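# Architecture at a glance
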Amino acid sequence: MKILVLNTGSSSVKYRLFDGVETLAKGLIERIGEQGGEVPDHAAALQRVMSSVDLEGLGAVGHRVVHGGAEFAGPTVITDEVVATIERLVPLAPLHNPAALTGISVARKLLPDVPQVAVFDTAFHQTIPPEGVAYAIDADLADRWQIRRYGFHGTSHAYVARQTAELLGLSPDDAKVITLHLGNGASACAVDGGRSVATSMGMSPLAGLVMGTRSGDLDPTVIFHLHRVAGLPVDEIERSLTRYGGLQGLTGDNDMRTVQRRRDEGDPAATLAFDLYCRRIKEYVGSYLAVLGGADAITFTAGVGENAPAVRAASLAGLSALGVTIDEARNQRGDRIISPENARVAVCVVPTDEELEIAQQVTAEL
Ligand code: ADP
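Just so it is clear, the structure is predicted and the values come from calculations on it, not from any experiment.

## Focus on unusual backbone geometry
The phi dihedral of Arg-31 falls on the positive side, at around 50°, and the residue is not glycine. For Arg-31, the location among the structural elements is in the loop between β3 (22–29) and α1 (42–52). Given a relative accessible area of 42%, Arg-31 falls into the partly exposed group. Phi is positive for Asn-342, close to 65°, though the residue is something other than glycine. Within the secondary structure layout, Asn-342 lies in the loop between α14 (328–333) and β11 (346–349). A residue is classified by how much of its surface remains accessible, and Asn-342, at 77% relative accessible area, is exposed.

Here it is in structure tokens:
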């Protein structure tokens with residue numbers, strides 16, 4: 001069956017047409033509505049997608065939606081009620097959910113007879129137990145304002161954990177895997193038997209690991225201090241932590257390739273950024289080994305995870321007492337398994353494929 005996967009962002013539409021696991025077409029329309037952009041609006045962008053691919057025999061459209069709140073724990077066939085719920089969740093993802101809603105609305109109009117399915121970045125983490133999602137704040141406030149951990153990158157963590165189990169010949173239903181999605185955004189996840197039991201992103205994708213432009217974890221007092229003592233307005237603090245934090249904030253470059261090159265040249269800011277980035281990963285790996293009571297595998301994925309052997313080596317250095325070691329020759333070659341033969345914990349590199357995972361979830365849901 002053919003599935004069209006749409007990832008509608010605020011100024012872009014990414015699409016991929018599948019037949020089973022095979023990709024028939026894919027593309028990206030960018031700078032929607034911008035001066036000199038390809039198309040004036042999302043409707044025109046999706047119209048162009050629909051007319052450029054062969055939709056004969058299309059079984060469904062799968063929409064990537066960033067925030068499903070506490071409402072959605074899996075892929076969901078889109079109805080008016082589902083749209084209303086995603087709208088209600090906009091305050092939790094003010095940049096992302098409105099774009100997805102536009103994509104859904106236009107696609108439903110253009111393809112009224114084709115089922116449309118929403119796949120949420122947060123859904124996979126709905127299996128995390130209450131003590132892994134609650135923040136220790138006033139319970140009434142938390143309840144009233146939907147304040148809790150949701151976690152993101154769920155489709156990637158789910159896909160990569162299952163691929164890891166297959167790679168190692170383990171049953172996905174009882175494998176314990178720590179997945180490290182290190183792209184522009186980055187997050188860690190502890191997966192026990194195919195279920196997420198802990199993840200590093202929180203109420204928003206700002207928490208956890210150091211990222212390209214996001215700070216990751218920090219003491220909330222930093223925000224009060226920047227507001228009260230430094231006099232910065234809240235919006236500016238938010239921008240500072242989300243767009244000018246992480247590698248960008250520490251070095252002025254958000255790309256790990258540039259940071260690594262500068263570090264190799266002896267640049268102190270790049271050295272600190274690299275060390276901080278890797279140490280944060282190590283802290284989460286240690287924490288998740290504890291949460292899981294030991295792991296079968298630790299898997300790196302996404303742009304940095306798949307392509308940066310130095311990050312993989314530094315993040316897991318010194319963990320041999322916990323059964324975690326890397327074979328440097330395998331690591332440099334970029335083998336799928338980079339731990340030594342018979343290691344207690346396998347260390348793997350598995351390319352992620354969020355669109356394929358969405359297509360498969362949509363197919364399973366129909
Ligand atoms: P996204 O999160 O946008 O999907 P990716 O998963 O493609 O992003 O990751 C993008 C990041 O991967 C880049 O910003 C870059 O820092 C990093 N990256 C890509 N190739 C390499 C490489 N060879 N070495 C180090 N980092 C890399």
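Okay, back to it.
## Structural notes on α1
For α1, every residue scored as buried is listed here: His-42, Ala-45, Leu-46, Val-49 and Met-50. Buried residues of α1 fall within an arc of 135° about the axis and therefore sit on the same side. In this structure, the buried side of α1 is in contact with β1 (2–8), β2 (13–19), β3 and α3 (97–110). At the N-terminal boundary of α1, the capping side chain belongs to Asp-41, with an oxygen 3.3 Å from the backbone nitrogen of Ala-43.

## Looking at the UniProt feature "active site" (unreviewed entry) in the chain
Mapped onto this numbering, the UniProt entry gives "active site" (unreviewed entry) at Asp-121. Examined against the element boundaries, Asp-121 turns out to sit in the loop between β6 (116–120) and α4 (130–133). When near neighbours in sequence (up to four residues on either side) are disregarded, Asp-121 contacts Arg-64, Val-65, Val-66, Gly-151, Phe-152, His-153, Gly-154 and Thr-155. One polar contact links Asp-121 to Arg-64, side chain to side chain, over a distance of 2.6 Å.

## Comments concerning the UniProt feature "binding site: substrate" (unreviewed entry) in the chain
Taken from the UniProt record, the annotation "binding site: substrate" (unreviewed entry) applies to Arg-64. The topology assignment puts Arg-64 in strand β4 (residues 58–65). Those residues in contact with Arg-64, other than ones at most four positions away along the chain, are Leu-6, Asn-7, Ala-100, Val-119, Asp-121 and Ile-358.

## Some points on the site of the ligand
Around the ligand, the surrounding shell consists of Gly-183, Asn-184, Gly-185, Asp-255, Met-256, Arg-257, Gln-260, Ala-302, Gly-303, Val-304, Asn-307 and Ala-308. A distance of 2.9 Å is found between an oxygen atom of the ligand and a backbone nitrogen or oxygen belonging to Gly-303. Between the ligand and Val-304 there is a distance of 3.4 Å, counted from an oxygen atom to a backbone nitrogen or oxygen. Within the complex, the protein chains bury 68% of what would otherwise be the 580 Å² of accessible surface of the ligand. Among the secondary structure elements, those contributing two or more residues to the shell around the ligand are α10 (256–264) and α12 (302–307).

## Looking at the sheet that holds strand β5 (residues 76–77)
Strand order in this open sheet of six strands is β3-β2-β1-β4-β6-β5, and the pairing throughout is mixed. This sheet does not close on itself; its edge strands, each paired only once, are β3 and β5. The pairing of β4 with β6 spans five bridges and is parallel. Across the sheet, residue His-63 finds its bridge partner in β6, namely Ala-118. Contacts between α1 and the sheet are confined to β1, β2 and β3, with β2 contributing the most and set at about 25° to the helix.

## Looking at the pairing of strand β8 (residues 186–192)
Of all seven residues making up β8, six are buried, and the element is well covered by its neighbours. Taken together, the seven bridges between strand β7 (residues 176–182) and β8 define a ladder with antiparallel strand orientation. If you follow His-181 over to β8, its bridge partner there is Ser-187. Sheet topology note: the β8/strand β9 (residues 195–199) ladder contains four bridges and is antiparallel.

## Comments concerning the sheet that holds β8
Strand order in this open sheet of five strands is β9-β8-β7-β10-β11, and the pairing throughout is mixed. Each end of this open sheet is capped by a strand with a single partner; those strands are β9 and β11. Strand-to-strand twist across the sheet, computed as the mean angle between neighbouring axes with direction ignored, equals 25°. Sheet contacts for helix α6 (residues 154–167): β7, β8, β9, β10 (297–301) and β11; angle to β7, the most-contacted strand, approximately 130°. Here helix α11 (residues 268–292) sits on the sheet in contact with β7, β8, β9 and β10, set at roughly 160° to β7.

Analysis parameters
Residues numbered from 1 in each chain as written. Predicted model: local features only at pLDDT ≥ 70, side-chain atom pairs only at ≥ 80, totals over all residues. Heavy atoms only, no water. Helix = DSSP H or I, 4+ residues; strand = E, 2+ residues; numbered from the N terminus. Buried < 20%, exposed > 50% of the residue type's maximum accessible area, 1.4 Å probe, protein only. Arc of directions from axis to C-beta. Contact = heavy atoms within 4.5 Å. Polar contact = N/O pair within 3.5 Å; in protein donor to acceptor, adjacent residues only side chain to side chain. UniProt positions renumbered as here; feature names shortened; annotations may be inferred. Near = heavy atom within 4 Å. Areas by Shrake-Rupley, 256 points an atom, 1.4 Å probe, with all protein chains shown as cover. Pairing = 2+ DSSP bridges. Axes fitted to C-alpha atoms, helices over the stretch in contact; angles between N-to-C directions.

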